[in-house]
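Chains, contacts and geometry: an overview
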Amino acid sequence: LHDFPGASYTKWILSNILRLIVGVFGVVVAFVFIIQSTDVLGLFLDFSAVQFVSELDNVGYFIASKGYVMVKSVQRLTVSMQGVEMSQNEKSDIDTEISMRVLKRRR
């Protein structure tokens, strides 16, 4: 929290609660896929579709970093995030890092 002046404990708690909700929804969706599946191929296709959709944000970051997005501030933000090095435990915190930089720029 000390690295980002716009950050607060409330925002940190909110972001972690939202992560928990996303995780619970992921487990519920996986459970529904498994229960409703009639064969292994259908189950595989369902999980493949979810994986494809979850990778779309990486494609969006790549497109923005190459300058194909018309808003220059988005390109600058994504290029600045490319140099961020994180350990294996911190890789899940990249979305928080981006959110904090966006919030910092809006102030």
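Residues numbered from 1 in each chain as written. Predicted model: local features only at pLDDT ≥ 70, side-chain atom pairs only at ≥ 80, totals over all residues. Heavy atoms only, no water.

**Points about the overall build of the chain**
Within the chain one finds 5 helices and 0 strands. Expressed as a percentage of its 107 residues, the buried residues of the chain come to 11%. A sequence separation of at least 24 residues applies to 35% of the contacts in the chain between residues at least 6 apart. Of the accessible surface of the chain, which amounts to about 8,600 Å², a share of 66% is contributed by carbon and sulfur atoms. (Helix = DSSP H or I, 4+ residues; strand = E, 2+ residues; numbered from the N terminus. Buried < 20%, exposed > 50% of the residue type's maximum accessible area, 1.4 Å probe, protein only. Contact = heavy atoms within 4.5 Å. Areas by Shrake-Rupley, 256 points an atom, 1.4 Å probe, with all protein chains shown as cover.)

**Considerations on the packing of helix α1 (residues 9–36) against helix α2 (residues 40–54)**
Orientation of α1 relative to α2, taken along the N-to-C sense of each, is 155°, at an axis distance of 9 Å. One finds that α1 runs roughly antiparallel with respect to α2. Where α1 crosses over α2, the handedness of that crossing is right-handed. Contacts between α1 and α2 involve A30, F33 and I34 from the first element and L43, D46, F47 and V50 from the second. Taken together, the residues that form the contact of α1 with α2 break down as 6 nonpolar, no polar and 1 charged. (Axes fitted to C-alpha atoms, helices over the stretch in contact; angles between N-to-C directions. Parallel < 35°, antiparallel > 145°, perpendicular 65-115°, else oblique. Left-handed = near helix turned anticlockwise from the far one by under 90°. Nonpolar A, V, L, I, M, F, W, Y, C, P; charged D, E, K, R; others polar.)

**Looking at the packing of aromatic side chains**
According to the stated counting rule, one finds 2 aromatic pairs in the structure shown. Judged by centre distance (5.6 Å) and plane angle (85°), the rings of F33 and F47 are edge-to-face. Linking F33 in helix α1 with F47 in helix α2, this pair joins segments that are 14 residues apart in sequence. (Phe/Tyr/Trp six-rings, centres within 6.5 Å; stacked < 30°, edge-to-face > 60°.)

**Considerations on a nonpolar patch on the surface**
Residues L20, V24, V28, F31, V32 and I35 make up a contiguous nonpolar surface patch of about 570 Å² in total accessible area. Its place among the elements puts V32 in helix α1. Classification of V32 as partly exposed rests on a relative accessible area of 34%. (Patch = residues over 30% accessible without salt bridge, like charges linked within 9 Å, V, L, I, M, F, W, Y side chains within 5 Å. Salt bridge = Lys/Arg side-chain N within 4 Å of Asp/Glu carboxyl O.)

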